[in-house]
Amino acid sequence: MRLLTIGVGFRGAKIVENFFRRGVKVNGVPLFKCFAVLGNEAQIGSVAMKDDRKFYIHSRKGVLGFVNSITKVCELWEGALVVLSLEDEYALEIAVELNERIREVFEDPIITLSLIPALGEVDAIELKRKILELRKRSDVLLVFEGNVGVDEKILRSMNLLALAGEVDLKRKVAGEVVVDTSDVFNALKSDGFSVIAFSEQKIPFEIFRKKSGLKAMRTKRMLELFDKALENLSIRARIEDAKSSLVLFAGPKEEITMEGLFEVIDRLEKMNSGIEIRYGDCPTGGRKVSIVLLFSGLKTLKF
């Protein structure tokens, strides 16, 4: 899943800087096509991206010129990812205008990733106003709470999510159940907002265990990852009320079992019998297994 990725305001730009430096690549091609939009020219030098990817925009009137500039870049993307902090009034104003302009030019879905202050330290009424304002101008509103370590959580979870629909031509390995870009967008597209959960675990070396024992251990590991991911939501929300969900595992092909996938699905259905679930896996190299969960159609945060 290749995304036009725009960081708005200094906080949003620094998050997108992580994608620029450490974002996932497939076949040598970055899946995040990164740009930064800043309203303070003194901050431009503090964002470690190529100069032609950083833009100074003083007010909403400059957004159209920026959009015209990125349309001239010869890169392909399947959706737009706009990243900002809701604590930044400049970023909110520019993001609202930016989403409107992108919709005029591109038909691809717009995901707005918004970072909000730690719950309990924010005016709930003002937060709701800002969320609604962004939601009206987005196909998907993905919410993260601004706790310690959130930048790394965003990077790792979005890196895994972006692998959906991508094929590594060198490895030539398909997953047990293939997830494509449309599965991700269909899981995310619904009323309300979306949250993401992420967990990963290193794979220990097991030399003498029998094949049946290995399979059981791998299934158990997948269930442990699922439980840990639920404890690592991007923000506290009533996920049991979600309308749709996506389950995506990544790791060496032999580490993903169908038993593990179906057990996770069963657990989700027990949480909410009416939830629409999409699922699959992405084979990767290395010695770790990861899971990302998406919950969409949410209406309530847990303060």
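Rules used throughout
Residues numbered from 1 in each chain as written. Predicted model: local features only at pLDDT ≥ 70, side-chain atom pairs only at ≥ 80, totals over all residues. Heavy atoms only, no water. Helix = DSSP H or I, 4+ residues; strand = E, 2+ residues; numbered from the N terminus. Buried < 20%, exposed > 50% of the residue type's maximum accessible area, 1.4 Å probe, protein only. Polar contact = N/O pair within 3.5 Å; in protein donor to acceptor, adjacent residues only side chain to side chain. Contact = heavy atoms within 4.5 Å. Salt bridge = Lys/Arg side-chain N within 4 Å of Asp/Glu carboxyl O. Phe/Tyr/Trp six-rings, centres within 6.5 Å; stacked < 30°, edge-to-face > 60°.

**Topic: the side chain of S296**
Here is step 1: By the secondary structure assignment, S296 is in strand 12 (residues 288-298).
Here is step 2: Judged by its relative accessible area of 0%, S296 falls in the buried class.
Here is step 3: Polar contacts involving the side chain of S296 include one to the side chain of S194, which spans 2.8 Å.
Here is step 4: Once residues lying within four places of it in the same chain are set aside, the contact partners of S296 are A187, L188, S190, F193, S194, A242, K243 and S244.

**Let's talk about the pattern of salt bridges**
Here is step 1: Inspection of every chain in the model, using the stated rule, returns 27 salt bridges.
Here is step 2: Between D151 and R11 there is a salt bridge, with its nearest N and O atoms 2.6 Å apart. You can see D151 sitting in helix 5 (residues 150-162) and its partner R11 sitting in helix 1 (residues 9-22), a full 140 residues away along the chain.
Here is step 3: Judged by its relative accessible area of 22%, D151 is partly exposed.
Here is step 4: You can call R11 partly exposed: its relative accessible area is 30%.
Here is step 5: Ionic pairing is found between E200 and R156, a salt bridge with its closest N-O pair at 2.8 Å. Of this pair, E200 sits in strand 9 (residues 193-202) while R156 sits in helix 5, and the two are 44 residues apart along the sequence.
Here is step 6: Using a relative accessible area of 27% as the deciding quantity, one classes E200 as partly exposed.

**Some thoughts on unusual backbone geometry**
Here is step 1: A positive phi angle is found at N27, which is not glycine, with a value near 55°.
Here is step 2: For N27, the location among the structural elements is in the loop between strand 2 (25-26) and strand 3 (29-30).

**Section: the packing of aromatic side chains**
What characterises a pair of aromatic rings is the spacing of the ring centres plus the angle enclosed by the ring planes.
Here is step 1: Applying the stated criterion to the full structure yields 6 aromatic pairs.
Here is step 2: Relative to F55, the ring of F35 has its centre 6.4 Å away and its plane inclined at 45°; by these criteria the two rings are tilted. Taken together, the residues F35 in strand 4 (residues 32-38) and F55 in strand 5 (residues 54-56) connect sequence positions 20 residues apart.
Here is step 3: Ring plane angle 65° and centroid distance 6.0 Å describe the contact between F262 and Y279, whose orientation is recorded as edge-to-face. Placement of the pair is F262 in helix 8 (residues 258-271) and Y279 in strand 11 (residues 276-283), with a sequence separation of 17 residues.
Here is step 4: On the accessibility criterion, F262 (44% relative accessible area) is partly exposed.
Here is step 5: The class for Y279 is partly exposed, based on a relative accessible area of 27%.

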